[in-house]
Structure formats: structure tokens, C-alpha cells
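# Residue-level structural notes
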Amino acid sequence: MPKCWPGRCDLNGSQFTGCDLSNVNISQCELSGLRINGVPVEKLLAAYYQADKRAQTS
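Just so we're clear, the structure is a prediction, and the values are computed from it rather than from any experiment.

### Description of the overall build of the protein chain
The helix and strand tally for the protein chain stands at one helix and four strands. Beginning at the N terminus, the succession of helices and strands in the protein chain can be written as β-β-β-β-α. A compact globule built from 58 residues should have a C-alpha radius of gyration of about 10 Å, whereas the protein chain, at 14 Å, is more than 25% larger. Considering the protein chain as a whole, with its 58 residues, one finds that 3% of them fall into the buried category.

Take a look at the structure:
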């Protein structure tokens, strides 16, 4: 069961299925182990920043 208190929420081990997460903003959070459709978010972010860096130098 998620534990929440002002400014912080512990969702460790939670699973979300069939949710509408449109326009959700996640910031200043621990993301290790977080997956979206089985893909590690850390890898998604690394690929994004690498592509963004290449686009800025082009």
C-alpha cells in the first residue's frame, strides 16, 4: 500500500495497470528499477539525453 505524506509518496513495489497517466509529471524522484511496459526508465532517459545532445550539436 502506498504511503504518502506532504511532499513525498513511497510507491516502492507498486504496479499500475490500465491507468491513464496522461500529463503526469515526475520530478526529483528515485527512479532506479522503474519500468514502463518492461523497459527500464533509466535506459529510456539515457537514450533521450544522448539523442538530445546529438541534436544540439548538429
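Now that the structure has been shown, the text picks up again.
### Some remarks on the environment of Glu30
Tracing the chain through its elements places Glu30 in the loop between β2 (8-10) and β3 (35-36). Remark: the alpha-carbon pair of Glu30 and Asn12, spanning 18 residues in sequence, is separated by 9.6 Å. Looking at Glu30, its side chain comes within polar contact range of the side chain of Ser32, at 2.6 Å.

### Overview of a nonpolar patch on the surface
Side chains of Leu21, Val24, Ile26 and Leu34 sit close together on the surface and give an oily, nonpolar patch of about 370 Å² of accessible area. Considering the arrangement of structural elements, one finds Leu21 in the loop between β2 and β3.

### Quick look at the state of the cysteines
Taken as a whole and assessed by the stated rule, the structure comprises zero disulfides. For Cys19, which is in no disulfide, the shortest distance to another cysteine sulfur is to Cys9 and amounts to 13 Å. The partly exposed category is assigned to Cys19, whose relative accessible area is 41%. Counting only cysteine sulfurs, Cys9 is the nearest neighbor of Cys29, a cysteine outside any disulfide, at a range of 9.3 Å. Given a relative accessible area of 47%, Cys29 falls into the partly exposed group.

### Looking at the confidence of the model for the protein chain
Chain-level pLDDT for the protein chain is 90 on average; 97% of the residues reach the 70-or-more range. At the low end of the mean pLDDT range in the protein chain sits strand β1 (residues 3-5), at 73; at the high end sits strand β4 (residues 39-40), at 96.

Rules behind the numbers
Residues numbered from 1 in each chain as written. Predicted model: local features only at pLDDT ≥ 70, side-chain atom pairs only at ≥ 80, totals over all residues. Heavy atoms only, no water. Helix = DSSP H or I, 4+ residues; strand = E, 2+ residues; numbered from the N terminus. Rg over C-alpha atoms; globule rule 2.2 N^0.38 Å. Buried < 20%, exposed > 50% of the residue type's maximum accessible area, 1.4 Å probe, protein only. Polar contact = N/O pair within 3.5 Å; in protein donor to acceptor, adjacent residues only side chain to side chain. Patch = residues over 30% accessible without salt bridge, like charges linked within 9 Å, V, L, I, M, F, W, Y side chains within 5 Å. Areas by Shrake-Rupley, 256 points an atom, 1.4 Å probe, with all protein chains shown as cover. Salt bridge = Lys/Arg side-chain N within 4 Å of Asp/Glu carboxyl O. Disulfide = S-S within 2.5 Å. pLDDT = per-residue confidence, 0-100.

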